[in-house]
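Each chain, letter by letter, is given below.
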Amino acid sequence: MREYGEGIRNPRARQRAMLIAAGPEEADLTELRELLRTAGVAVAGELTQKRTRPDPDRYLGKGKLAELKRAVRETDANLVACDDELLPRQERNLEEALGAPVIDRTAIILDIFADHANSAEGKLQVELAQLEYNLARMRGLWTHLERLGAGTTGGIGTRGPGETQIETDRRLARDRIAALKRRLEHTRSTREVMRKERDRAGLPTIALAGYTNAGKSSLLNALTGAEVGVRERLFHTLDPTTRAFVVSGRSYLLTDTVGFIRKLPHQLVEAFGATLEEALEADLILHVADASVDEDELAEMLAAVEEALRETGAVDRPRLLALNKVDLLDEGRRRELGFRHPEAVQISAATGEGLEPLRDALEARFLSSLRSMELLVPYDEGGSLSELHELAGELEREERADGVLVRARVPAGAAARFERFSVNGGP
Ligand SMILES: Nc1nc2c(ncn2[C@@H]2O[C@H](COP(=O)(O)OP(=O)(O)OP(=O)(O)O)[C@@H](O)[C@H]2O)c(=O)[nH]1
Ligand SMILES: [Mg+2]
């Protein structure tokens, strides 16, 4: 990674972006603003164009581009941020025409991810995604925003390094990509071992999935008493966190995952794919949505999450929808939501409202998969008995001369482990 210029702590602090978007619908740049806020970039203004599809060479039409140039000058913006991922050609042409650096939605999201990555694995995954993105753009080994903000490469708006340098960088990038993939493979096999452990425990697993900022981490905390970081910023959580929680005496494992977003960069889906896929391999996916937004936006966010689940191959898992943040809604809107999403549970991770019905709904989903077992557990198998307790909650038990006779309903995944104590010979 390239060093920042001397004395420049946060190279983005002085960045003022002009926002642009083009497409068949009237553009709503709220989310792009939110992304930039999270990335620490100020917004100087916005300019949108309605057209069937963006211009293949310049993204905007000629007249609009001239307008943009004026707007950049007038508002003193030093950066242009596009709500779509740009083709390398569009980006180059825009930068040339404007004399100002241009970044796209993907670069911004990648930058936020780079900033928020904590675990060794998360960092490797983000670096891999950034390299793939930069390689496609013949960029060097540093991230786009860094390059733009640092002011060390000859000032804003100057093109990248010369051809030879680019070739060297490309080769280095490919080597680095191969090395990163190897290291990720390695961390994955380590986690595979951990997962086997978990599977052996046979606890039912639930994965939280949802749009970024929906309140997944807040819900994990509310249900499990954990203290996972929660913040009013996008993509706060990148690493899956798993915690146990108890409903009617039974333990479940709940995993928090990275949030999704519209137009999620495919480089990130690829880089985070394996981790996500594993987390989402749960018995149930609890889809958490921010229900405080308006109906159209909610529908869009729900669809974006479905799309991302499809991309990670988790679309066939059983689902439960939790509409979060209902503390911000009035009675009328709640009723309307209940009407539109009768299968969903309305909750507030913040106030705790609706969490009891949610626990009940979760439990109900698992009841059908429980197996009734009658077991005779010898007295020297105390470990098995407490394990059984964790899995089955309250036990009906009877002390006998040769052990404890137990009637329990055990999750199907764990039933095999207790088979040897079975006295009723099967389900
Ligand atoms: N009013 C209200 N705010 C909530 C509720 N749940 C979460 N929030 C707020 O929403 C913001 C995002 O919450 P998080 O739990 O970090 O959301 P997340 O889905 O984990 O977000 P990412 O990790 O970025 O994907 C925070 O400011 C929370 O305080 C809720 O039920 N009501
Ligand atoms: Mg989170």
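All values reported here derive from a predicted model rather than from experimental measurement. (Residues numbered from 1 in each chain as written. Chains lettered and ligands numbered in written order. Predicted model: local features only at pLDDT ≥ 70, side-chain atom pairs only at ≥ 80, totals over all residues. Heavy atoms only, no water.)

## Focus: the pattern of salt bridges
Then step 1. On inspection of all chains with the given rule, the structure shows 29 salt bridges.
Then step 2. Residues Arg33 and Glu46 are paired through a salt bridge, measuring 2.8 Å at the closest nitrogen-oxygen approach. Of the two residues, Arg33 sits in helix α1 (residues 30-39) while Glu46 sits in strand β2 (residues 42-50), which places them 13 residues apart along the sequence.
Then step 3. Residue Glu306 pairs with Arg319 through a salt bridge whose shortest N-O separation is 2.6 Å. Placement of the pair is Glu306 in helix α10 (residues 295-311) and Arg319 in strand β9 (residues 319-324), with a sequence separation of 13 residues.
Then step 4. Look at the salt bridges and you will find they share partners, linking Glu31, Asp83, Asp84, Arg105, Arg262, Lys263 and Glu300 into a network. (Salt bridge = Lys/Arg side-chain N within 4 Å of Asp/Glu carboxyl O. Helix = DSSP H or I, 4+ residues; strand = E, 2+ residues; numbered from the N terminus.)

## As for the packing of aromatic side chains
In this description, a pair of aromatic rings is defined by centroid distance and the angle of the planes.
Then step 1. For the structure on display, the rule yields 3 aromatic pairs.
Then step 2. Relative to Phe272, the ring of Phe113 has its centre 5.4 Å away and its plane inclined at 75°; by these criteria the two rings are edge-to-face. In this pair, Phe113 is assigned in helix α4 (residues 105-116) and Phe272 in helix α9 (residues 266-279), connecting sequence segments 159 residues apart. Taken as a pair, Phe113 and Phe272 share a single burial class, namely buried.
Then step 3. Ring geometry for Phe245 versus Tyr252: centroids 5.7 Å apart, planes at 35°, classification tilted.
Then step 4. The exposure class of Phe245 is buried, given its relative accessible area of 2%.
Then step 5. What makes Tyr252 buried here is its relative accessible area of 2%.
Then step 6. A network of ring pairs unites the aromatic residues Phe245, Tyr252 and Phe366 as a single cluster. (Phe/Tyr/Trp six-rings, centres within 6.5 Å; stacked < 30°, edge-to-face > 60°. Buried < 20%, exposed > 50% of the residue type's maximum accessible area, 1.4 Å probe, protein only.)

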